[in-house]
Every structure is written in C-alpha cells, then in structure tokens.
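A structural walkthrough
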Amino acid sequence: MDRIIEAVERLGDILDDMLILTRVERGQELLRAEWLEVAVLFEKAIQQIGAAATAQGVSLSSQYEQSDLVYADAGSLETVLVNLLDNAVKYTPAAGDVVLSGMKVPGGYEIAVKDTGIGIPAEDLDRIFERFYRADKSRARPAGGTGLGLAIVKHIVEAHGGKAFVSSTPGQGSTFRVFFPDSGLKT
C-alpha cells in the first residue's frame, strides 16, 4: 500500500510540473512582470528550501545588494528559484554549501545558484535542461523530483526573454545562472 501511495504522489507531482510547463510554453504563466525586490524573493525561496537543506546538512546562504531589483513575474521567478535551490540541495552532500546570488549586469539581472555537490559530467551539460533528462541516473529515485524542474526553469527564463546557463565540474559542484532582461517579456 505504501508503494502505491508513493507512486500516486509521484504521478501527481509529474502532472503538476507538466501543467506548469504547458502554461509557460503557451505564455499563460508570465502575464504580470514588474520590478521586484530581490531581497524579498531570495528570502522567500530560501525559507521554502531551508528545512530540506537543514535535514541534508547543507549550508544555504544568499548574496545580493539590498537595493537590487529584477523585472519578472513574481510567481514564475519564485518557481525558478525554488527549482534551482531544490536541485542544488538534493545533489550536495552533507557539510556542503549552496549559495544563491544575484547581481545587476548590463541589460538585466543575473541570478546564480552555486553548489559544492556531485557536479554534472561535461557530456550531459548540453541536455540538462531537457524534460525528464537526468545526468545521474543512479540517483534519480532517491533524490526524488520529476525530471521537469530544469525544463521549467529554462522555459520560464526564455519566456522572460532571458537565458539559462550551467557550468559544472564532477566532484566539485555546479553553478546554474539565469539572466532576466530589464525588458523583453514575451506574452
């Protein structure tokens, strides 16, 4: 019975993520872009992931200027931050670090999530934002998730007119960067 309940919950998670992805692709998810306070967004995302980080023994911190603003849809940006932080925590061993940072760059705002986790092999980097793609097949089940989080991140960022990037070294960690332009939201 426990296995059935677990399978049903996992299927529900996949359906929820597929619905988000479908809405983003159709442009329905990003209707209210505005100037947002980075401090508020980062704090909210860290609160959502904080318990998981503590349970895993991972240090979670953030770096940004108190006056920083980003032009985005609040709910969609929160989804991006939570997905990136959740992955970073899942793939970082105990006593590791995850840092959420943001900085104003020419034409927009860049957000980075850097971890000291297991890293991603070079041959997987080009495919990491694909639906259901997992670089570490052996950890797919224990780590949980639907395999859609990074695809959702990519589509949300691109719907804002931005870009998503990753750099990684196996055994040393990964850095996911997303760029949100000051304008350019696709509707």
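Structural notes, computed from the coordinates.

1. A short note on helix H2 (residues 38-56)
For H2, which comprises 19 residues, the first-to-last C-alpha distance of 26 Å matches the rise-based estimate of 27 Å (1.5 Å per residue) to within 8%. The largest bend in H2 is about 45 degrees, located at Ile49. Those residues of H2 that sit buried are Val38, Ala39, Leu41, Phe42, Ala45, Ile46, Ile49, Gly50 and Ala53. Looking at the buried side of H2, the elements it contacts are strand S1 (33-37), strand S2 (59-63), strand S3 (69-73), helix H3 (74-90), strand S4 (97-105) and strand S5 (108-115). Once H2 finishes, Gly57 follows within two positions and takes phi at roughly 80 degrees, a positive value.

2. Remarks on the environment of Val58
With respect to the element layout, Val58 can be found in the loop between H2 and S2. Residue class for Val58 comes out buried when judged on its relative accessible area of 7%. Between the C-alpha atoms of Val58 and Val89, which are 31 residues apart in sequence, the distance is 6.7 Å. In contact with Val58, other than residues within four places in its own chain, are Ala53, Val89, Thr92, Pro93, Gly96, Asp97 and Val98.

3. Some words on the side chain of Asp73
Position of Asp73 relative to the elements: it lies in strand S3. Overall, Asp73 belongs to the buried group, its relative accessible area being 7%.

4. Things to note about the packing of H2 against H3
Closest axis-to-axis distance for the H2/H3 pair is 9 Å, and the angle between their directions is 25 degrees. The angle between H2 and H3 falls in the class roughly parallel. The hand of the H2/H3 crossing is right-handed. Within the contact between the two elements, H2 uses Leu41, Phe42, Lys44, Ala45, Ile46, Gln48, Ile49, Ala52, Ala53 and Gln56 and H3 uses Ala74, Leu77, Glu78, Leu81, Val82, Leu85, Asp86, Val89 and Lys90.

Rules behind the numbers
- Along each chain, numbering runs from 1 in the same order as the chain's sequence is written.
- For this predicted model, a pLDDT threshold of at least 70 governs which residues receive local features, and a threshold of 80 or more governs which side-chain atom pairs are given and counted, while totals over whole chains, interfaces and linings are taken from all residues.
- As a rule here, side-chain values cover all heavy atoms of the structure and leave hydrogens and water aside.
- Helix numbering and strand numbering both begin at the N terminus, where a helix is a DSSP run of H or I of at least 4 residues and a strand a DSSP run of E of at least 2.
- In this scheme, a helix's expected span is set at 1.5 Å multiplied by one less than its residue total.
- Here the bend at a residue is taken as the angle between two axes, fitted respectively to the seven residues that end there and the seven that start there.
- The cut-offs for exposure are 20% and 50% of the maximum accessible area for each residue type, with area from a 1.4 Å probe on protein chains only; residues under the lower value are buried, those over the upper are exposed, and the others partly exposed.
- In this analysis, two residues are considered to be in contact whenever any of their non-hydrogen atoms come within 4.5 Å of each other.
- Axis geometry follows a simple rule: fit a line to the C-alpha atoms, using only the stretch in contact for helices, then measure angles between N-to-C directions, giving values from 0 to 180 degrees.
- Any angle that is under 35 degrees is reported as roughly parallel, and any over 145 degrees as roughly antiparallel; angles of 65 to 115 degrees are reported as roughly perpendicular and all others as oblique.
- Left-handed describes a crossing whose near helix is turned anticlockwise from the far helix through less than a right angle; right-handed describes the clockwise counterpart.

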